[in-house]
Amino acid sequence: MRAELLLLAALAAAPAGAHDAGHSVTFKSVEGVRFSVRSSGASGPRVIFESADSDPVPEEWDTVLVQGVLPDPGVNLQVLKAGATDWETLSVHRFPGGRFWAKARTARAPGALRLRALDAGVRRSHEVEVFGIEVFVDQPQVPGGAPLPPRGPEDPSAPRPFVHARAEWGAVQPTEPYSPDPLVWRITLHHSDGRHTETLAESLDEAKFIQDFHQHGRGWIDIGYHFIVDPSGNILEARPEGVLGAHTLANNEGNIGIVLLGTYHPPKNDRPTQTQLEALVALGRYLVKRHGIDPESLKGHRDYKKTDCPGNKSYVAIADLRKAFAGGPVPVPPAKKRRTAKAPALISAAPDWDGAQRAQ
Ligand SMILES: [Zn+2]
């Protein structure tokens, strides 16, 4: 058996952390791993990719959770915690389009990790992409106790934009009854740190994937967010309104979680689209009116904990989104930064949505 591997060029540097649980694992400050696998038609377990040690993980952890795109079932994944002698094989859960999440348990201890892939019958050459690796101690979360601020009047007649119901993406029931959360007074924006979908069908698949990842990977009772907004401007129901979410650790009370599908952060740098922002604003205006929410309560996940979420390319719009939720204009996504030297020198390019260039 013989398989070749090519580790692709290192991705651009990114700050650590982009997840809703635990510690986000990075390699030289880069989140995610990408490598190509080539089949030679041979058989038998053989290491076809092995990463370097990750950046240090000072906290204790006993669970590793990996998610990305793994098109060929003939690839197995393993992790090794620094100081341990045995590689742990991840149990892989597969979804349409090669989408996967995988999980393994180890002894509880701090430590960096290494990730490797084994050829277990690779059928065709392909690329494996790991969007994110997170580690955590697998134990129930303790709800926080956020104070309840003043809210405006609720308007039950507020017009609700069209929302694709859970049934449309084939949601399964929560594994335990929801906790009620009737007094909503804040909104938090996330990115999925996952696939940047192009069609409604892909978004429905991605919603199903995220639900499974959250239920059986992270061990939550359901998908963590309340709403999903895809790049085409479709709004999908995640958890029902009025139940407690699981998207902002220790700050879920009264908090509506909205996730943008995609990775709005280096190295992928997906950017919100105009139709996506219009849908997000329509949803935000509805929530503000319906529940009497102060539009200034809109925050990014990173405002609550150390994380990249919701990514620089969407976080930079938060201030304009607050105004838009209050009835102001919908933010306009600027064009990508021009890299050509032929641009007329006297015409300034559209400002780039780069968090590094603007005060946050
Ligand atoms: Zn988040």
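J.: Can you tell me about helix α2 (residues 274-291), naming the residues and giving the values?
T.: Compared with the 26 Å implied by 1.5 Å per residue over 18 residues, the 26 Å span of α2 between its first and last C-alpha is a close match. For α2, the full list of buried residues reads Q276, L277, A279, L280, V281, L283, G284, Y286, L287, V288 and H291. Packing partners of the buried residues in α2 comprise β14 (186-191), β15 (227-229), β16 (235-237), β17 (255-260) and α4 (318-325). Looking one or two places after α2, you find G292, whose phi comes out positive at around 65 degrees.

J.: How would you sum up the sheet that holds β15? Please name residues and give values.
T.: Reading across from one edge, β16-β15-β17-β14-β18 is the order of the five strands in this open sheet, with mixed pairing throughout. Each having just a single partner strand, β16 and β18 (299-300) make up the two edges of the open sheet. The pairing of β14 with β17 spans six bridges and is parallel. If you follow R186 over to β17, its bridge partner there is N255.

J.: How would you explain the packing of aromatic side chains if you had to name every residue and give the values?
T.: Tallied over the entire structure, the rule returns four aromatic pairs. Measuring from ring centre to ring centre gives 6.2 Å for W101 and F213, while their planes differ by 65 degrees; the resulting arrangement is edge-to-face. Residue W101 is located in strand β11 (residues 99-109), and its partner F213 is located in helix α1 (residues 200-217); the two are separated by 112 residues in the primary sequence. Taken as a pair, W101 and F213 share a single burial class, namely buried.

J.: I'd like a rundown of the pattern of salt bridges, residues and numbers included.
T.: Inspection of every chain in the model, using the stated rule, returns 12 salt bridges. Residue R114 pairs with E50 through a salt bridge whose shortest N-O separation is 2.7 Å. Residue R114 is found in strand β12 (residues 113-119), and its partner E50 is found in strand β6 (residues 46-50); the two are separated by 64 residues along the sequence. The residue D222 makes a salt bridge to R166 at a minimum N-O spacing of 2.8 Å. Taken together, the residues span a long stretch of sequence, with D222 in the loop between α1 and β15 and R166 in the loop between β13 (126-136) and β14 at a distance of 56 residues. The exposure class assigned to D222 is buried, which follows from its relative accessible area of 0%. Where salt bridges share partners, they join R34, E127, E129 and K268 into one cluster.

J.: Please set out the side chain of R116 residue by residue, giving values where relevant.
T.: The topology assignment puts R116 in strand β12. Buried within the structure, R116 lacks any salt-bridge partner; its nearest side chain of opposite charge belongs to E50, at an N-O separation of 4.5 Å. For R116, the side chain forms a polar contact with the side chain of Q78, separated by 2.7 Å. Beyond its immediate chain neighbours, meaning those up to four positions away, R116 contacts V47, F49, E50, N76, L77, Q78 and W87.

J.: Could you give an account of unusual backbone geometry, naming the residues involved and the relevant values?
T.: Omega for the peptide link from P266 to P267 comes to 0 degrees, which places this bond in the cis form. By the element assignment, P267 lies in the loop between β17 and α2. A cis amide bond links C309 with the next residue in sequence, P310, at an omega value of 5 degrees. Along the chain, P310 falls in the loop between β18 and α3 (312-315).

Reading the values: the criteria
Residues numbered from 1 in each chain as written. Predicted model: local features only at pLDDT ≥ 70, side-chain atom pairs only at ≥ 80, totals over all residues. Heavy atoms only, no water. Helix = DSSP H or I, 4+ residues; strand = E, 2+ residues; numbered from the N terminus. Expected span 1.5 Å × (residues − 1). Buried < 20%, exposed > 50% of the residue type's maximum accessible area, 1.4 Å probe, protein only. Contact = heavy atoms within 4.5 Å. Pairing = 2+ DSSP bridges. Phe/Tyr/Trp six-rings, centres within 6.5 Å; stacked < 30°, edge-to-face > 60°. Salt bridge = Lys/Arg side-chain N within 4 Å of Asp/Glu carboxyl O. Lys, Arg positive; Asp, Glu negative; His and termini not counted. Polar contact = N/O pair within 3.5 Å; in protein donor to acceptor, adjacent residues only side chain to side chain.

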